[in-house]
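The lines below spell out each chain.
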Amino acid sequence: TFPLFIIIVSNLILLSSPLIDANVIDETFNSAKYSFHQSGISSTHYFTVGEDLYNVETNVNHEITPKGNKPIHRVFPDVTSDERQATIWNFISTFDSYKTSRLYSNTAKPTLRRIKYIVVPIWWSDYDTSAIQWTMDPALVEQSFLENKPYYVDMSWGEMPNGVEYEILPQQLFDQSSVNPGWDTDTEGSTKAIVTNLGYVEGVDYDGLCLMYFVSQSGPFSGYGGWAGVNGLMMWSTYPGWFDVTRHEAGHNFGHPHHLSNSYEYRNTRPDRGEGSAPYDGFDMMSGGNGYAISHFAAASKWFFNWIPDSSIILMQPEGATSECPSCQKAGTITLRPFDDPNLPPTSNRKMGIHIPISVVGNRLYSYWMSYRSGNDGDAENGLSVHFSWFDLGGTFGASYDSMNFDAFGDTDTTLDSFVIENTCYHLTPPGYLKDRSLLAGLDVQPVVCVDSINRGSSITVSVSFLDPQNPPSPQITFDQEIKFACSSSTSSTGLITLSGNTNNLVHVQNTGNDGEVKLRMCSSSSTASAYFHDDFPHSAVSYGSEAAYGSFKSLITSKRCSSKDAFTYKSDYGDTYILFPKSSSSSEIRVECVFSECLVNQYLSNNGQCIQCPNSGTSVAGSTSLNDCTECPGGTVLSHPRLSGCVALESYDQITSGTGWRIWAPDYDTYSGWVWDVKELEFYDNLSCSGSPITGGNAIDSGNAGAGWSADNAFNGSGGTWGGRSDGNDIFYIGLTFGSTSKTVRCLKLYQTDTHVALEVRVQVFKNERWTNAWIASGLTSDLNTISLDYSSAPTPPTPT
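Note that the structure is a prediction, hence the values are computed from the model and not measured. (Residues numbered from 1 in each chain as written. Predicted model: local features only at pLDDT ≥ 70, side-chain atom pairs only at ≥ 80, totals over all residues. Heavy atoms only, no water.)

**Student:** For this particular structure, what's the right way to read helix α8 (residues 432-444)?
**Tutor:** Every α-helical turn comprises 3.6 residues, leaving residues that sit three or four positions apart pointing alike. If you check α8, its first and last C-alpha atoms are just 15 Å apart, much less than what 13 residues at 1.5 Å a residue would give, namely 18 Å. The sharpest bend along α8 measures roughly 125 degrees and falls at S438. The set of residues buried in α8 consists of G432, Y433, L434, K435, R437, S438, L439, A441 and G442. (Helix = DSSP H or I, 4+ residues; strand = E, 2+ residues; numbered from the N terminus. Expected span 1.5 Å × (residues − 1). Bend = angle between axes of the 7 residues up to and from the residue. Buried < 20%, exposed > 50% of the residue type's maximum accessible area, 1.4 Å probe, protein only.)

Printed below as a string of structure tokens:
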């Protein structure tokens, strides 16, 4: 039994601290092939490095530098459902433009066709090259690669006609000893040097390298197994390689880290996925399934490589068909064929996956995928595989792919029961990993899949729809008792409760704070009693009449009589815990307790030990202990969900024509450059045509400026100067006039911008009732003169925020 085949990451940058290095960002950012604005214009972008979103700035030479050295929490756009799906499909349409290496076919639809490794067997520098025990058998060196060729041919249905190609060098004397070689000693560089000195040219004669070695005395190469770079072209393997090792390590090069399950453990490791504590997916060769003879890459990966064509994938979204995705379905019944049967290639009549995109964050696409496996020695044939997945665009293979398996029966210690079984329905609640990164989109996209029938090993037929959380289906089960109570910093309790076994019961523990622990004590009067813990309302069981365990991470099952009780403590997540007690043959007694030590974001701890939401859509950091810790969102923004860590820009406005202050306002993402906004002149008028003389007087105000000679006064005093605008601490730009206690009527504005550093959209805001409020939204702005008329009679009714 070999140790876990650990990976290193060469093209993904993982940081041990929030500090970032401009050179690291430059390498990562440019590898992602972003399309910048035209040459000569600076721009700001937001880019994910590891788990965090960073603000990075590009100058006229496209050199990238970080704005600050910490992850940012900023004002985001208020993205509507239609904007979300439009962004997704526009993003997906760029995928093929990332597949530019020689590994892909040069066709309209690039397909991953080839990769060739140079295998470099070595003696460490301290080895006796004449000693038989340090001499590698060429046949054994070749064996694993010989087996890999047909495996990759089969996995791609011949789209990689030669599989993983290779050439094996004679054993070479390495320039490093066996004492402690590792990443700091640049074994990759030494391997490249050997190959280069022999006349091989990367990208012409070969693509990737494999260093094959005897185990070292210490360091990362002192254990048997292998290493590889994710979305890179280097692997390391102990002699003699072994087929399951090299196919796995090649899979890392193809862009796959180790895939985990969506599990309870994530709440203990966030923001990291939790490798080492969270269970592996268990069914593909990148996630613990390497022991199976057939454990192919996921259907999503095969789709990205174009081994599975678009015609074999069903696209779905809550909006149904749109102009961006005319083939998308809102609901439907689909028969899926196995995506891992080498004798069953995909066709337009053989559907092999259901793709449900969720959101785009930086250069990453989040999605749900549904598929059916027939390999894995039949262990996966009894139900539907469901995954939460993401692609990070860029790098040698065009993207890296990672996923979390939805373990349907997540309360057990095995993933062998991961699958949605026949005649049941499974509701996909957004995983904690997604909530932390794209909460609103996760709440918007909640698929429900029902497995109608299974032709074991051949096909599975499913019906897919979407849950509307505001209008869920009628309950399919009834409750004898539905108990709600709030958590407390000093422990709260339901007291002792007797539950009837003749029907279902539900306990909802509310307001559990940032670290709430829910403790259940339970006993049964005569047989067995069960309880299932859920982070969200258990729709699978309640709304669709399916398994009580669906969507649960933990359970307590006891046959203990009531002279004593079994107990289990559950760590709550996102402020709520639901405990579902299904029917049983006897009654039970329960007591539920809850305690927390700190409140969630946007809450504060009250004197009575309860977490209170900040008033007026206010925000606060986790652990706040006073109302004074709450901060109101900046004018023109709102906290659109209690659990968001930032405010969003409002897409609505009020029809207001008079106030004691007027300004134009834009978050940085609505400016062309992101870090600067230049305004040559701004004029306010009291009529709809901007005729006559502009309003005079008032005091100039701004979000910030470049310093002496660039103040806001330049935009109002006719001096010919320019306001060199800079954003405030919330990444917001604004410039305007205030008039003390005097109200001014404004119906039209003239905005003169420079040629480059312009705002593309602005909100006209009025100061009234001690608050800045949107009075108009103007988009499609250009350089030079923009006339903005606040003509409410001709404007469409502004949308109402939800």
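**Student:** Where do I start with the sheet that holds strand β45 (residues 748-753) in this structure?
**Tutor:** Note: strands within a sheet are paired through backbone hydrogen bonds, in either parallel or antiparallel orientation. Across the sheet, which stays open at both edges, the four strands sit in the order β42-β40-β45-β48 with antiparallel pairing between neighbours. Bordering the open sheet on either side are β42 (723-725) and β48 (784-789), each of which pairs with just one other strand. Averaged over all neighbouring strand pairs, the angle between strand axes comes to 35 degrees, with direction disregarded. Examined bridge by bridge, β45 and β48 share six bridges and lie antiparallel to one another. The partner of K750 across the bridge, within β48, is T787. (Pairing = 2+ DSSP bridges. Axes fitted to C-alpha atoms, helices over the stretch in contact; angles between N-to-C directions.)

**Student:** Mind showing me how you'd approach empty space enclosed by the protein here?
**Tutor:** Think of a ball as big as a water molecule: rolled over the atoms, this probe shows where empty space is left. Under the counting rule described, the total for this entry stands at three cavities of 30 Å³ or more. Of the voids in this model, the largest cavity is the one considered here, and its volume is about 310 Å³. Lining the largest cavity are 28 residues, with N262, T429, D535, G551 and F553 sitting closest to its centre. Among the secondary structure elements, those contributing two or more residues to the lining of the largest cavity are α6 (266-269), β17 (399-406), β19 (425-427), α8 and α9 (539-542). For the lining of the largest cavity, the element with the most residues is α8, which contributes three residues. Tallied by class, the residues present in the lining of the largest cavity amount to eleven nonpolar, eleven polar and six charged. Space inside the second largest cavity adds up to approximately 70 Å³. Every residue lining the second largest cavity is counted, 13 residues in all, and those nearest its centre are S530, F581, P582, S584 and S588. A class-by-class count of the residues in the lining of the second largest cavity yields five nonpolar, eight polar and no charged. (1 Å grid on protein atoms, 1.4 Å probe; cavity = no way out; pocket = protein on both sides within 12 Å on 5 of 7 lines; lining within 4 Å. Points joined across faces, edges and corners; volume = space filled by probe spheres on them. Nonpolar A, V, L, I, M, F, W, Y, C, P; charged D, E, K, R; others polar.)

**Student:** Would you mind going over helix α3 (residues 138-155) with me for this structure?
**Tutor:** In this model, α3 (18 residues) spans 26 Å end to end at C-alpha, consistent with the 26 Å of a helix rising 1.5 Å per residue. Within α3, the axis deviates most sharply at S144, by approximately 25 degrees. Along α3, the positions that sit buried rather than exposed are V141, S144, F145, N148, Y151, Y152 and M155. For α3, the side-chain oxygen to backbone nitrogen distance between the N-cap and A139 is 2.9 Å, and the N-cap itself is D137. Of the residues flanking the end of α3, it is W157, one or two places downstream, whose phi is positive at about 55 degrees. (Polar contact = N/O pair within 3.5 Å; in protein donor to acceptor, adjacent residues only side chain to side chain.)

**Student:** Just to check I follow, could you spell out the pattern of salt bridges for this structure?
**Tutor:** Close approach of charged atoms allows side chains with opposite charge to pair. Counted by the stated rule, this structure contains 26 salt bridges. Across the pair E275 and R273 runs a salt bridge, and its minimum N-O distance is 3.4 Å. On the basis of relative accessible area, R273 is assigned to the buried category, the value being 14%. In this structure, D784 and K680 form a salt bridge, with 4.0 Å as the shortest nitrogen-oxygen distance. Of this pair, D784 sits in strand β48 while K680 sits in strand β40 (residues 677-685), and the two are 104 residues apart along the sequence. Linked through salt bridges whose partners overlap, the residues forming this network are D96, K99, K109 and D310. (Salt bridge = Lys/Arg side-chain N within 4 Å of Asp/Glu carboxyl O.)

**Student:** In this structure, what is going on with the nonpolar core? I would like to understand it.
**Tutor:** The tendency in soluble globular proteins is for nonpolar side chains to be buried as a group. F95, Y152, F254, F297, F304 and W307 are the most contacted members of the largest nonpolar core, which totals 72 residues. The element that contributes the greatest number of residues to this core is strand β5 (residues 115-123), accounting for seven residues. Ignoring sequence-local partners within four residues, the contact set of W307 consists of T111, L112, M155, S156, W157, E159, M160, F254, F297, K302 and P346. If you look at the next biggest cluster of nonpolar residues, it comprises 45 residues, including Y266, M404, V445 and L580. (Core = buried A, V, L, I, M, F, W, Y, C linked by side-chain atoms within 4.5 Å. Contact = heavy atoms within 4.5 Å.)

**Student:** Would you mind showing me how to read the state of the cysteines here?
**Tutor:** Cysteine pairs can be linked by a disulfide, which is a covalent bond between their two sulfur atoms. A full pass over the atoms with the stated rule returns eight disulfides. Covalently, C487 is tied to C594 through a disulfide, its sulfur atoms 2.0 Å apart. Since a negative S-S torsion denotes a left-handed disulfide, the C487-C594 link at about -90 degrees is left-handed. Here C487 is found in the loop between β22 (479-486) and β23 (492-493), whereas its partner C594 is found in strand β31 (residues 588-595), with 107 residues between them in sequence. The same class applies to C487 as to C594, namely buried. Each disulfide pairs two cysteine sulfurs, and for C523 the partner residue is C562, the sulfurs being separated by 2.0 Å. Judged by the sign of its S-S torsion, about 95 degrees, the cystine formed by C523 and C562 is right-handed. Separated by 39 residues along the polypeptide, C523 in strand β26 (residues 517-524) and C562 in the loop between β28 (554-558) and β29 (566-571) bring together distant segments of the chain. (Disulfide = S-S within 2.5 Å.)

**Student:** Explain the environment of S572 to me, please; I cannot follow it from the model alone.
**Tutor:** Following the sequence through the fold, S572 ends up in the loop between β29 and β30 (576-581). Accessibility expressed as a relative area gives 3% for S572, which makes it buried. When the C-alpha positions of S572 and R267 are compared, they lie 8.7 Å apart, and in sequence the two are 305 residues distant. Those residues in contact with S572, other than ones at most four positions away along the chain, are R267, T512, G516, V518 and T577. One polar contact links S572 to T512, side chain to side chain, over a distance of 2.7 Å. In this structure the side chain of S572 is engaged in a polar contact, spanning 2.8 Å, whose partner is the side chain of T577.

**Student:** Where do I start with the environment of Y433 in this structure?
**Tutor:** Structurally, the position occupied by Y433 is in helix α8. Note: C-alpha distance between Y433 and M404 (29 residues apart in sequence) is 9.3 Å. Polar side-chain contacts of Y433 include one of 3.4 Å to the side chain of R364.

**Student:** Help me out: how do you make sense of the pairing of β30 in this one?
**Tutor:** The buried fraction of β30 is high, at five of six residues. As paired strands, strand β25 (residues 504-510) and β30 are joined by six bridges and run antiparallel to one another. Bridge pairing in β30 links N505 to F581.

**Student:** What's the story with the packing of aromatic side chains in this structure? I'm lost.
**Tutor:** Taken as a whole, this structure holds 57 aromatic pairs when the rule is applied. Residues Y127 and W134 carry aromatic rings whose centres are separated by 4.0 Å and whose planes lie at 20 degrees to one another, so their mutual orientation is stacked. Here Y127 falls in the buried class, since its relative accessible area comes to 12%. According to the relative accessible area criterion, W134 is partly exposed, its value standing at 28%. Ring centres 5.1 Å apart and planes at 55 degrees place the aromatic pair F767 and W772 in the tilted group. Owing to a relative accessible area of 23%, F767 belongs among the partly exposed residues under this scheme. With relative accessibility at 14%, the residue W772 sits in the buried group. The ring centre of W772 lies 4.2 Å from the NZ or CZ of R663, which sits over that ring. (Phe/Tyr/Trp six-rings, centres within 6.5 Å; stacked < 30°, edge-to-face > 60°. Lys NZ or Arg CZ within 6 Å of the ring centre and 35° of its normal.)

Everything listed here is a matter of coordinates, which is why it stays silent on function.
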